[in-house]
Amino acid sequence: MGIDGQKPLLPLLLLVIATVAVFPASSRSPPSQPAATLPSFRRAPLFPGKRSHPIKVQQRQQYNYQTRYFLQDLDHFSFADLPKFRQRYLINTEHWIGPERRGPIFLYCGNEGDIEWFAVNTGFVWEIAPRFGAMILFPEHRYYGESMPYGSQEEAYKNATTLAYLTAEQAVADYAVLITDLKRNLSAENCPVVLFGGSYGGMLAAWMRLKYPHLTVGALASSAPILQFENIVPPDTFYNIRESTSCFDTIKKSWGEVEAEGRKDNGLSLLTKTFHFCRELKSTGDLIDWLESAYSYLAMVDYPYPSSFMMPLPGHPIREVCRKIDDSPEGSSVLERIFAGVSIYYNYTGTASCFELDDDPHGLDGWNWQACTEMVMPMSSDKETSMFPPYDFHYSDYEQDCWRTFSVLPRPRWVTTEFGGHDIRTALRTFGSNMIFSNGLLDPWSGGSVLQNVSDTITALVTEEGAHHIDLRPSTPGDPDWLIQQRATEIKLIRGWIDDYSRAKHQKSTFNM
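Residues numbered from 1 in each chain as written. Predicted model: local features only at pLDDT ≥ 70, side-chain atom pairs only at ≥ 80, totals over all residues. Heavy atoms only, no water.

### What about the overall build of the protein?
- Summing up its helical and strand segments, the protein has 17 helices and 8 strands in all.
- The 513 residues of the protein split such that 58% are buried.
- In the protein, 75% of the contacts between residues at least 6 apart in sequence involve partners at least 24 apart. (Helix = DSSP H or I, 4+ residues; strand = E, 2+ residues; numbered from the N terminus. Buried < 20%, exposed > 50% of the residue type's maximum accessible area, 1.4 Å probe, protein only. Contact = heavy atoms within 4.5 Å.)

As structure tokens, this is what we get:
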């Protein structure tokens, strides 16, 4: 359900409560070991940024920026003598009108990945900065990219003790300390800061606006599922994806076909051959994860034009996947149809001769650590309404997996304690201002975001055909009218925040005189 218990307008997402996840009070001690094998376990899907292609040289050259480093405290919330680390940030002052004219600063809150990748995929900020005379700042999230505590990723990811400082609140504090120091060094204390962020970065932008309102004048939080915690929204919102009925039915049927094939004497070899893997499958679970990842990411990046945000893809990629599945030659097996469909995601260019299951050689432990500590997002898929394998979220299983992986126990209530979430309408109306929550209903993460206006200054921009933070992406000749209008509305709201700030500053200086 939506904010304040109101049912959001989600015509393209089926929001059916499949199960109620119960979060027991944590004992903060290791969970008892199970007597038998645990059922299948599912963390929240990784946000885009973790499974992307390496940044190409021409992408880096698309926008001009300097790469700088800032010496950050490892722990902002204690006075322990801990080693500092170098936080990377990208900066562009080409169009900044300077501190004398209170030139604004556009700060993008870095996500869970290399900051250059987010910079080259956030064209909206680069395109509007000149008309505002704004500085552009892209700070990198701690423990990602080059911003590694302890000198290297190997040391930073070594164990629960070294990973302990990888939290959202530490990351937001990094951004607050960086912008405060930068403004002081540039004599720009009176320059307004506007926050931007998409996906997890959008969550950070919203939370930073709420935690540090004195440092910013507003935040654009695109595709930011800040309500995907503690059953504030139904746990099955993410996994309800549907295009055509026949495509839905084929995908739904395929999970059983995969399992049945895998049980045969040479089943894993046959599956390896059918799906063109470079190496022999070790389990059907690996194949199922590979397929689930493709469908999840396709839903996120279902843009109306060709893109290479995650993989090189055609416009309306889900439609193309289903066309491949539905239009396969007569006599094709279910799994052959599935392979034809997912090849749109994994091999649209046709250049891959075989596929590696591990498509993230840099490791996923950073986000998995966050999911096992504070980013606990209950996920389930209903056997009737979802095309994904049926799955119920059980916190005890989640806790067991996190303990086995990291020797750490999750804190499922911490995010809502630290940043809020319950009764979000009252909280935002009372304590928040100047925030845009933008969402496209094709994006499976939209069900966990704010989908209704909260007040005159907290706006929800919801588009039926929008995908994952499409508004932040670079403009293209193929942009539909609704997207052009959405961005125009965002620009108008941002202009209003800056103008209001400037008027308030002018009135203060006049009064002081």
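### Observations regarding the pairing of strand β4 (residues 135-139)
- Counted residue by residue, β4 has 5 buried out of 5 residues, so it is predominantly covered.
- Here β4 shows two buried faces, one formed by M135, L137 and P139 and the other by I136 and F138.
- Inspection of the sheet shows strand β2 (residues 85-92) paired to β4 by 4 bridges, in the antiparallel sense. Looking at β4, one finds that Y89 is bridged to P139.
- Here strand β3 (residues 105-108) pairs with β4 via 3 bridges, running parallel. By the bridge assignment for β4, F106 is matched with I136. (Pairing = 2+ DSSP bridges.)

### Here we look at the nonpolar core
- Grouped together as the largest cluster of nonpolar side chains are 148 residues, with contacts concentrated most on F106, F196, W207, I226 and F275.
- The biggest single contributor to this core is helix α10 (residues 284-300), with 10 residues.
- The contact partners of F196, leaving out residues within four places of it in the chain, are F106, L107, Y108, C109, F124, V125, I128, G201, A205, L220, L472 and I494. (Core = buried A, V, L, I, M, F, W, Y, C linked by side-chain atoms within 4.5 Å.)

### Things to note about the state of the cysteines
- Counted under the stated rule, the structure contains 3 disulfides.
- Here C247 pairs with C322 through a disulfide, and the sulfurs are 2.2 Å apart. Looking down the S-S bond of the C247 and C322 bridge, the torsion is -70 degrees, so its handedness is left-handed. Placement of the pair is C247 in helix α8 (residues 245-262) and C322 in helix α11 (residues 317-326), with a sequence separation of 75 residues. (Disulfide = S-S within 2.5 Å.)

### Focus on the confidence of the model for the protein
- Summarising the model, the protein shows a mean pLDDT of 88, and 85% of its residues fall at 70 or more.
- Low pLDDT (under 50) marks residues 49-58, which in the prediction has 28 contacts with non-local residues, meaning those over four places away or in another chain. (pLDDT = per-residue confidence, 0-100.)

### Section: empty space enclosed by the protein
- According to the stated counting rule, one finds 2 cavities of 30 Å³ or more in the structure shown.
- Counted as a void, the second largest cavity has a volume near 40 Å³.
- For the lining of the second largest cavity, a count of residues per class yields 4 nonpolar, 3 polar and no charged. (1 Å grid on protein atoms, 1.4 Å probe; cavity = no way out; pocket = protein on both sides within 12 Å on 5 of 7 lines; lining within 4 Å. Points joined across faces, edges and corners; volume = space filled by probe spheres on them. Nonpolar A, V, L, I, M, F, W, Y, C, P; charged D, E, K, R; others polar.)

### Focus on the side chain of D75
- With respect to the secondary-structure elements, D75 resides in the loop between β1 (66-72) and β2.
- No salt bridge is formed by the buried D75; its nearest oppositely charged neighbour, R142, is found at 6.6 Å.
- Side-chain polar atoms of D75 contact the side chain of S78, separated by 2.8 Å.
- A distance of 2.8 Å separates a polar atom in the side chain of D75 from a polar atom in the side chain of Q170.
- Ignoring sequence-local partners within four residues, the contact set of D75 consists of L82, Y165 and Q170. (Lys, Arg positive; Asp, Glu negative; His and termini not counted. Salt bridge = Lys/Arg side-chain N within 4 Å of Asp/Glu carboxyl O. Polar contact = N/O pair within 3.5 Å; in protein donor to acceptor, adjacent residues only side chain to side chain.)

### Some points on α10
- Along its 17 residues, α10 runs 25 Å from first to last C-alpha, staying within 8% of the 24 Å computed at 1.5 Å per residue.
- Of all 17 residues in α10, 14 are buried, a share of seventy percent or more. (Expected span 1.5 Å × (residues − 1).)

### With respect to unusual backbone geometry
- Positive phi outside glycine occurs at H316, with the angle close to 50 degrees.
- On the accessibility criterion, H316 (23% relative accessible area) is partly exposed.
- Unusually for a residue other than glycine, D423 sits at a positive phi of about 50 degrees.
- Following the sequence through the fold, D423 ends up in the loop between α15 (414-418) and α16 (424-431).

### A closer look at the environment of A467
- Relative to the helices and strands, A467 resides in the loop between β8 (458-463) and α17 (481-512).
- Using a relative accessible area of 2% as the deciding quantity, one classes A467 as buried.
- Sequence separation between A467 and D302 is 165 residues, and the spatial gap between their C-alpha atoms is 5.6 Å.
- Beyond its immediate chain neighbours, meaning those up to four positions away, A467 contacts S223, M300, V301, D302, Y303, G440, L442 and D443.

### As for the packing of helix α6 (residues 168-185) against helix α7 (residues 200-211)
- Interhelical geometry of α6 versus α7 gives an angle of 65 degrees and a closest axis separation of 10 Å. Accordingly, the angle class assigned to the pair α6 and α7 is roughly perpendicular. Taken as a pair, α6 and α7 cross one another with a handedness that is right-handed. Between α6, through A168, V172, Y175 and A176, and α7, the contact on the second element is made entirely by Y200, L204, W207 and M208.
- Taken together, the residues that form the contact of α6 with α7 break down as 8 nonpolar, no polar and no charged. (Axes fitted to C-alpha atoms, helices over the stretch in contact; angles between N-to-C directions. Parallel < 35°, antiparallel > 145°, perpendicular 65-115°, else oblique. Left-handed = near helix turned anticlockwise from the far one by under 90°.)

### What about the pattern of salt bridges?
- Throughout the structure, instances matching the rule amount to 16 salt bridges.
- The residue R184 makes a salt bridge to D181 at a minimum N-O spacing of 4.0 Å. One end of the pair, R184, and the other, D181, are both in helix α6, 3 residues apart, so they sit about a helical turn from each other.
- Across the pair E230 and R413 runs a salt bridge whose closest N-O atoms are separated by 3.6 Å.

### What to know about the sheet that holds β1
- The 8 strands are arranged β1-β2-β4-β3-β5-β6-β7-β8 in an open sheet whose pairing can be described as mixed. Each of the sheet's edge strands pairs with one partner strand only, and the pair in question is β1 and β8. For this sheet, the mean inter-axis angle between neighbouring strands, taken without regard to orientation, is 20 degrees.
- Packing against the sheet, α7 makes contact with β5 (193-198), β6 (218-222) and β7 (435-440), and its axis sits at approximately 150 degrees to β5.

### Some words on the environment of R319
- For R319, the location among the structural elements is in helix α11.
- Residues R319 and L298, 21 residues apart in the sequence, show an inter-C-alpha distance of 9.9 Å.

### Some remarks on helix α14 (residues 395-406)
- Its 12 residues place the ends of α14 16 Å apart at the C-alpha level, agreeing with the 16 Å of an ideal helix rising 1.5 Å per residue.
- Along α14, the residues that are buried comprise Y395, D397, Y398, E399, Q400, D401, C402 and F406.
- S407 sits one or two positions beyond α14 and adopts a positive phi of about 55 degrees.

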